Amino acid sequence: MLGIVGTVPEERFPLIQGKAVFDGTRLSVAGRKIDVNRGTPALLAAACQMSGALGLDAPMAFLAGDIGLGHGSRELYSWLAGNVADCELTTMAFHYLQPDVDGHSKVLLAVQAMARPPRLIADAGFMYAAKMSGQSPEYELFTPDAGELAFLADEKAPHPFYTRGFILAEDNDVPELIAMAYRHDNAARYLLVKGRDDRVADKTGILFTVDTPRVEALEAMGGTGDTLTGIVSCLIQAGLSTPEAARLAAAVNRTAGALSDPDPASQIMDIIPCLPRAYESLISEHKVSQVRGEVS
């Protein structure tokens, strides 16, 4: 089963866990309704849509409320450290949590102690915590944007606030930032670098670049990186190799954006319902083979 860990930007949102259900408008986890805008709710909604398209079980969500003060994140770190071993998960995707090196290390130790540790995917704050703790190589996939990649590449920065000047690097500097991240053991086994061009890489360099369809209205839309992480998590859970899952996820995300016919006022909720149709269209055009089954 796929597990997704993250936070909801509501101060009084409780720590909850349960199967995620998306009705096309709102999420529901453990009977709690959640609005979808961006962040972890957008990732979860995308994962629900893709799970249905792929014939997978609905993802299991582990959520807490956090408005940036860290209280919910710390509560979630603590709960996972004490309880994750009882969860039957084969893939885990970690999303928006306040970076906490101690909390991250306790969760990682608990995961590694499982009889069959799941494959680990990290984005946002949990990816930061993995790098800050020196544990990046323990992960199967990181999904940074260019700014997050710059932090991974900076071997001296103890925190994203202190990333050196190349955080402002141009798009054509991404290959060097990838190389620097691997040189200093600050990258996962694979990277899916989100941007105007999506790049899939490992320690040997860039494996794939996905740049079509290119939809200009999506460039400034918040949440497309969140949906991409949700899609790739499902494809890895479905049994694709990580590089192929990352390449297909980028194509599905972009195709869904094109199918939604966006304009400057469009929101991520206009795109998420298009994900199954985007996946099916890529299959029907024979650009990809149909994904069947689920890893166990």
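Our subject is the structure that appears above.
Basis of the calculations
Residues numbered from 1 in each chain as written. Predicted model: local features only at pLDDT ≥ 70, side-chain atom pairs only at ≥ 80, totals over all residues. Heavy atoms only, no water. 1 Å grid on protein atoms, 1.4 Å probe; cavity = no way out; pocket = protein on both sides within 12 Å on 5 of 7 lines; lining within 4 Å. Points joined across faces, edges and corners; volume = space filled by probe spheres on them. Helix = DSSP H or I, 4+ residues; strand = E, 2+ residues; numbered from the N terminus. Nonpolar A, V, L, I, M, F, W, Y, C, P; charged D, E, K, R; others polar. Phe/Tyr/Trp six-rings, centres within 6.5 Å; stacked < 30°, edge-to-face > 60°. Buried < 20%, exposed > 50% of the residue type's maximum accessible area, 1.4 Å probe, protein only. Lys NZ or Arg CZ within 6 Å of the ring centre and 35° of its normal.

> Before we go on, may I ask you to explain the layout of surface pockets in this structure?
Over the atoms, a rolling probe the size of a water molecule traces out where space has been left empty. Computed from the structure, the largest pocket encloses a volume of approximately 650 Å³. Contributing elements (two or more residues each) for the lining of the largest pocket: α5 (146-153), β10 (198-202), α7 (224-237) and α8 (242-259). In terms of residues, the lining of the largest pocket owes the most to one element, α7, which gives four residues. In terms of residue class, the lining of the largest pocket is made up of 11 nonpolar, six polar and 14 charged. Its volume calculated, the second largest pocket comes out at about 450 Å³. Lining the second largest pocket are 25 residues, and of these T7, P9, D66, Y96 and L97 lie nearest its centre. At the level of secondary structure, the elements contributing two or more residues to the lining of the second largest pocket comprise β1 (2-8), β4 (32-35), α1 (39-54) and α4 (124-132). In the lining of the second largest pocket, the residues fall into 11 nonpolar, nine polar and five charged.

> For this particular structure, what's the right way to read the packing of aromatic side chains?
Each aromatic ring pair is characterised by the separation of its centres together with the angle its planes make. For the coordinates displayed, the defined rule picks out six aromatic pairs. Here the aromatic rings of F126 and Y139 are separated by 6.4 Å at their centres, their planes lie at 65°, and the arrangement is edge-to-face. With F126 in helix α4 and Y139 in the loop between α4 and β8 (141-142), this pair connects stretches of sequence that are 13 residues apart. Their ring planes at 45° and their centres at 5.5 Å tell us that Y139 and F142 sit as a pair that is tilted. We classify Y139 as buried; its relative accessible area is 2%. Stacked on the ring of F151, the Lys or Arg K131 has its end atom at 4.0 Å from the ring centre. The ring centre of F208 lies 3.9 Å from the NZ or CZ of R247, which sits over that ring.

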